[in-house]
Amino acid sequence: MKITVVGAGYVGLVTGACLAEMGNHVVCLDVDPRKIDMLQRGEVPIHEPGLDAVIARNAAAGRLQFTTDVAAAVGHGTMQFIGVGTPPDEDGSADLQYVLAAAESIGRHMTDYKVVIDKSTVPVGTADKVRTRIAQVLAERGVDIKYAVVSNPEFLKEGAAVDDFMRPDRIVVGCDDERASLLMRAVYAPFMRNRDKLVLMDVRSAEFTKYAANAMLATRISFMNELALLAERVGADIEWVRKGIGTDPRIGSQFLYAGAGYGGSCFPKDVKALIRTGRDNGMQLGVLQAVEDANERQKQVLVQRVVARFGDDLSGRTFAIWGLAFKPNTDDMREAPSRVLIDELSRRGATLQAYDPVAMPEARRVLAGTPRLHFADNQSAALEGADALLIVTEWKEFRTPDFDQIKAMLKQPLILDGRNLYEPALMQEFGIDYVGVGRAPAPAAS
């Protein structure tokens, strides 16, 4: 099948590459010539495990192409996937200018039946706006061409997006056109050979489903983070609590890890957008507002612990930071808790020595100009002469480090762990002063 994907960012690249992997002829369109030049040279502008191999394999086979030629891209595919960004506006609502620009381009150049698929995360009612924009352009052209608009939200986890696309839990399709429904089922048939995973519903419900899913996951994180802070006050250990409630099949074990707060391109933006949608429809979504407020507070927890130990004036103090990306297996720094930590500590005069296995180039870009921020070549180098180690991202290589080396390289053996990577009792054995999030202190040695 011939497919066009508009947008060569995170969603568009994963979608295009995985669809090509199943034998489709896919053209990825982007208006950024620099990005397209990179892709045509075989370079991938984002870090996503396994994606570079899928792109290289399908580009070499001629099934995956990249272009800035709008007319050619629109003419190529019956299926037109829109996977462009929807960044938050100042009021928290999703900015639809790129989605609607893509719709306008499709309407401007289409000459036969098209299925226009909203793959981007968009508010309820966006498909109606896309449909209207295309109709307006076709009217301006004086032509009558049939088309359908479908909602097909992505449910991809950064760091596991290729696997999520290739082995989906469910495929949500919002559609009110029988021909489009048949074509969507044909596109996704190779991804559900063992069972039917396609959930067909009306368009608005599909749009709402994506926001509801991300809001639910964000709620679980903020809920556990608040309980973790309470656990510290009452002498409980949030890790035991997590295991105790996670074994309840009504609750499950996913997204119950306390930490330094959530970040990334999805949860913060989508929670804000859903709150805004509520306001626009005369509702105050109190639960989601509390989720957002709790997350903003949680991003300050490591800062507060540093200040409690060293005072508000951190001049002359040096801190090692392990982890900069908002989560492991990605270089995404958007809304990352590390950015709040670095900004607050730098503002107080601290010197910072930061390391991340993947996100260093992106961190250098987004944190450029931060006073006294240095990027270490490796995790050991970040420790040199630091007053404490702060852990912000739970990369695997941080999970079993050389604790004797950590103790020897720090000025004082102090770890402030924002991801609960280590056991307090083990840290006590190594003679390290260890503070997690919601962890009960190890019992005193007898």
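The text that follows walks through the structure, step by step, so that each part is easy to find. What you are looking at is a predicted structure, and each value in this text was computed from that prediction instead of being measured.

**A short note on the sheet that holds strand β14 (residues 433–435)**
Now for step 1: Taken together, 6 strands build an open sheet; the order of strands is β11-β10-β9-β12-β13-β14 and the sheet is parallel. For this open sheet the edge positions go to β11 (373–375) and β14, each flanked by a neighbour on one side alone. Adjacent strand axes in the sheet meet at a mean angle of 20°, parallel and antiparallel pairs treated alike.
Now for step 2: With 3 bridges connecting them, strand β12 (residues 388–391) and strand β13 (residues 414–417) associate as parallel partners. Looking across to β13, one finds that Ile-391 is bridged to Asp-417.
Now for step 3: Each of β9 (318–322), β12, β13 and β14 is contacted by helix α13 (residues 301–310), which is oriented at about 155° to β13, the strand it contacts most.

**Things to note about the environment of Glu-362**
Now for step 1: In this fold, Glu-362 is placed in helix α15 (residues 360–366).
Now for step 2: Distance from Glu-362 to Ile-36, taken between C-alpha atoms, is 19 Å for residues 326 residues apart in sequence.
Now for step 3: Apart from the residues within four sequence positions on either side, Glu-362 is in contact with Asp-331 and Met-333.

**Topic: the packing of helix α9 (residues 203–234) against helix α10 (residues 238–246)**
Now for step 1: Packing of α9 against α10 brings their axes to within 9 Å, and their N-to-C directions diverge by 135°. Taken together, the axes of α9 and α10 lie oblique to each other. Our pair here, α9 against α10, has a crossing hand that is right-handed. Contact residues: Met-224, Leu-227, Ala-228 and Ala-231 in α9; Ile-238, Arg-242 and Ile-245 in α10.
Now for step 2: Partitioning the contact of α9 with α10 into residue classes produces 6 nonpolar, no polar and 1 charged.

**Points about the pattern of salt bridges**
Now for step 1: Tallied over the entire structure, the rule returns 33 salt bridges.
Now for step 2: A salt bridge links Arg-250 to Asp-248; the shortest N-O distance between them is 2.7 Å.
Now for step 3: Salt-bridge contacts for Glu-423 lead to Arg-439; the nearest nitrogen and oxygen are separated by 3.0 Å. Here Arg-439 lies in the segment after β14 and Glu-423 lies in the loop between β13 and α18 (424–429), a separation of 16 residues in the sequence.
Now for step 4: Given a relative accessible area of 43%, Glu-423 falls into the partly exposed group.
Now for step 5: The buried category is assigned to Arg-439, whose relative accessible area is 9%.
Now for step 6: Through salt bridges with shared partners, one network takes in Glu-104, Arg-108, Arg-133 and Glu-140.

**Comments concerning the environment of Ala-102**
Now for step 1: Mapped onto the secondary structure, Ala-102 falls in helix α5 (residues 97–109).
Now for step 2: A relative accessible area of 6% places Ala-102 in the buried class.
Now for step 3: Each C-alpha atom of the pair Ala-102 and Val-392 lies 37 Å from the other, and the pair is 290 residues apart in sequence.
Now for step 4: Leaving out residues up to four positions away in the same chain, Ala-102 has contacts with Val-6 and Ile-82.

**Things to note about the nonpolar core**
Now for step 1: Grouped together as the largest cluster of nonpolar side chains are 46 residues, with contacts concentrated most on Phe-319 and Leu-345.
Now for step 2: In terms of nonpolar packing, the next biggest core, distinct from the first, is built from 42 residues, Val-26, Cys-28, Ile-55 and Leu-64 among them.

**What to know about the packing of α5 against helix α6 (residues 126–141)**
Now for step 1: Contact geometry of α5 with α6 gives a least axis separation of 8 Å together with a crossing angle of 35°. Where α5 crosses over α6, the handedness of that crossing is right-handed. Contacts between α5 and α6 involve Val-99, Leu-100, Ala-103, Glu-104, Gly-107, Arg-108 and His-109 from the first element and Thr-126, Lys-129, Val-130, Arg-133, Ile-134, Val-137, Leu-138, Glu-140 and Arg-141 from the second.
Now for step 2: The class makeup of the residues in the contact of α5 with α6 is 7 nonpolar, 3 polar and 6 charged.

**A few points about the pairing of β9**
Now for step 1: The buried fraction of β9 is high, at 5 of 5 residues.
Now for step 2: Bridge count between β9 and strand β10 (residues 351–355): 5 bridges; the pairing is parallel. Paired with Thr-318 across the two strands is Thr-351, which belongs to β10.
Now for step 3: One crossover worth recording links β9 to the parallel β10 by way of helix α14 (residues 337–347), and it is right-handed.
Now for step 4: In the sheet, β9 pairs with β12 via 4 bridges, with the strands oriented parallel. Considered in β12, the bridge of Phe-319 is made with Ala-388.

Cut-off values and rules
- Residues numbered from 1 in each chain as written.
- Predicted model: local features only at pLDDT ≥ 70, side-chain atom pairs only at ≥ 80, totals over all residues.
- Heavy atoms only, no water.
- Pairing = 2+ DSSP bridges.
- Helix = DSSP H or I, 4+ residues; strand = E, 2+ residues; numbered from the N terminus.
- Axes fitted to C-alpha atoms, helices over the stretch in contact; angles between N-to-C directions.
- Contact = heavy atoms within 4.5 Å.
- Parallel < 35°, antiparallel > 145°, perpendicular 65-115°, else oblique.
- Left-handed = near helix turned anticlockwise from the far one by under 90°.
- Nonpolar A, V, L, I, M, F, W, Y, C, P; charged D, E, K, R; others polar.
- Salt bridge = Lys/Arg side-chain N within 4 Å of Asp/Glu carboxyl O.
- Buried < 20%, exposed > 50% of the residue type's maximum accessible area, 1.4 Å probe, protein only.
- Core = buried A, V, L, I, M, F, W, Y, C linked by side-chain atoms within 4.5 Å.
- Right-handed = clockwise from strand over helix to strand, strands pointing away.

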